[in-house]
Amino acid sequence: DAGVIQSPRHEVTEMGQEVTLRCKPISGHDYLFWYRQTMMRGLELLIYFNNNVPIDDSGMPEDRFSAKMPNASFSTLKIQPSEPRDSAVYFCASSLDYRGMNTEAFFGQGTRLTVV
Amino acid sequence: AQKITQTQPGMFVQEKEAVTLDCTYDTSDQSYGLFWYKQPSSGEMIFLIYQGSYDEQNATEGRYSLNFQKARKSANLVISASQLGDSAMYFCAMREGPSGNTPLVFGKGTRLSVIA
């Protein structure tokens, strides 16, 4: 398997523009997580899905952020409108539900977002 | 309250020496998992090692071992025979609960620099 695939790897956009980040989880994984990494706040969970259903979106910073998972192999994180403080590295991760067993999350390469 | 605390923002170690990276955690759950990830300068998140709360033996994976002290709620990572390629950020993370797939919560990380 190619692992978790994120696109784009880098995104530079102007304040006020819409940004869409994409993620393809590992085939067969039933959990998908979106994290944001900044120097100040570290790695924060934004939202996660189980079997394509959002389970907890309490980490989404505000209404400008939205995430969808229309099927088991694709998820998007959208920011509209974007602001400079959204600049960060956004990670997608997926994992498999082996109850009671080691279930590390596998991370994508991340999308480095810069909003100018 | 912080669930994962990594008190060492930065560490230096001489090549071929061993180094311990500290991690303490806070949970009231009896069942949980502890993870360490490595993030090199290229940015990807690499899973290193896992310790389950009911595991009686300390986890080991090659040059990595986890010094698990349950009563003290600590899960320190030990890297033996450090190599230049070990220079990276290291994150401790915890997953609470018995079911296997609540999200990982991360500490702020420790930057390890290996000196030749």
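Described in the following lines is the structure provided in the data block.

Definitions and cut-offs
Residues numbered from 1 in each chain as written. Chains lettered and ligands numbered in written order. Predicted model: local features only at pLDDT ≥ 70, side-chain atom pairs only at ≥ 80, totals over all residues. Heavy atoms only, no water. Helix = DSSP H or I, 4+ residues; strand = E, 2+ residues; numbered from the N terminus. Contact = heavy atoms within 4.5 Å. Buried < 20%, exposed > 50% of the residue type's maximum accessible area, 1.4 Å probe, protein only. Pairing = 2+ DSSP bridges. Lys, Arg positive; Asp, Glu negative; His and termini not counted. Salt bridge = Lys/Arg side-chain N within 4 Å of Asp/Glu carboxyl O. Disulfide = S-S within 2.5 Å. Core = buried A, V, L, I, M, F, W, Y, C linked by side-chain atoms within 4.5 Å.

The next point concerns the overall build of chain A. In terms of helices and strands, chain A carries zero helices and 11 strands. Along chain A, helices and strands appear, N-terminal first, in the series β-β-β-β-β-β-β-β-β-β-β. If one aligns the C-alpha atoms of chain A with their principal axes, the spans along those axes are about 45 × 30 × 30 Å. Taking as baseline every contact in chain A between residues at least 6 positions apart, the subset at least 24 positions apart corresponds to 53%.

Residue and element names in this part refer to chain B. In terms of burial, strand β5 (residues 32-39) is a largely internal element, eight of the eight residues being buried. Residues of β5 alternate between two faces, with Tyr 32, Leu 34, Trp 36 and Lys 38 on one and Gly 33, Phe 35, Tyr 37 and Gln 39 on the opposite face, all of them buried. Direction of pairing for β5 relative to strand β6 (residues 46-52): antiparallel, over a ladder of six bridges. Counted as the bridge partner of Trp 36 is Ile 49 from β6. Counted along the chain from β5 to the antiparallel partner β6, the turn is six residues long, and its residue Gly 43 has a positive phi close to 105°.

Residues and elements named next belong to chain B. With respect to the secondary-structure elements, Ile 4 resides in strand β1 (residues 4-5). For the pair Ile 4 and Leu 34, spaced 30 residues apart in the sequence, the C-alpha separation amounts to 9.8 Å. Leaving out residues up to four positions away in the same chain, Ile 4 has contacts with Cys 23, Thr 24, Tyr 25, Cys 92, Ala 93, Met 94, Val 105, Phe 106 and Gly 107.

Below, the discussion takes up the side chain of Glu 104 of chain A. Along the chain, the position of Glu 104 of chain A falls in the loop between β9 (88-95) and β10 (106-107). Comment: no salt bridge for buried Glu 104 of chain A; closest opposite-charge side chain is Arg 95 of chain B, at 7.3 Å. Ignoring anything within four residues of it in the chain, the contact list for Glu 104 of chain A reads Ser 94 and Ser 95 of chain A together with Phe 35, Tyr 37 and Phe 47 of chain B.

Turning our eyes to something else, we now look at the pattern of salt bridges. Residue and element names in this part refer to chain A. Going through the model one piece at a time under the given rule, you end up with 10 salt bridges over all chains. With its nearest N and O atoms 2.7 Å apart, the salt bridge here joins Glu 44 to Arg 41. Assessed through its relative accessible area of 17%, Glu 44 is described here as buried. Here Arg 41 falls in the exposed class, since its relative accessible area comes to 52%. Its salt-bridge partner being Glu 62, residue Arg 64 comes within 2.9 Å of it at the nearest N-O pair. For Glu 62, a relative accessible area of 26% gives the class partly exposed.

Okay, the state of the cysteines next. Residue and element names in this part refer to chain A. Taken as a whole and judged by the stated rule, the model has two disulfides over all chains. Disulfide pairing places Cys 23 opposite Cys 92 at an S-S distance of 1.8 Å. Taking the torsion about the sulfur-sulfur bond, which here is approximately -65°, the covalent link between Cys 23 and Cys 92 counts as left-handed. Of this pair, Cys 23 sits in strand β3 (residues 19-24) while Cys 92 sits in strand β9, placing them 69 residues apart in sequence. Accessibility expressed as a relative area gives 1% for Cys 23, which makes it buried. A relative accessible area of 0% means that Cys 92 is categorised as buried.

Quick look at the nonpolar core now. Core analysis: the biggest nonpolar cluster contains 24 residues, and Tyr 25, Trp 36, Ile 49, Leu 77, Tyr 90 and Leu 112 of chain B have the highest contact counts within it. Secondary-structure elements contributing two or more residues to this core are β3 (19-21), β5, β6, β8 (64-69), β9 (74-79), β10 (88-96) and β12 (110-115) of chain B. Examining the composition of this core, we find that four residues originate from one element, β10 of chain B, more than from any other. Ignoring sequence-local partners within four residues, the contact set of Tyr 90 of chain B consists of Gln 6, Leu 21, Trp 36, Tyr 37, Lys 38, Leu 48, Leu 77, Ile 79, Gly 109, Thr 110 and Leu 112 of chain B. Counting 21 residues, the second largest nonpolar core, distinct from the first, contains Leu 21, Ile 47, Ala 88 and Val 115 of chain A.

Moving on: the pairing of strand β4 (residues 31-38) of chain A. All names here are of chain A. Across the eight residues that make up β4, a large majority, seven, are buried. When β4 meets strand β5 (residues 42-50), the two strands line up antiparallel, connected through eight bridges. From the neighbouring strand, Thr 38 faces β5, where its bridge partner is Gly 42. Once β4 ends, the chain turns through three residues before running back antiparallel as β5. Pairing geometry for β4 and β9, over seven bridges, is antiparallel. The residue of β9 that forms the bridge with Trp 34 is Cys 92.

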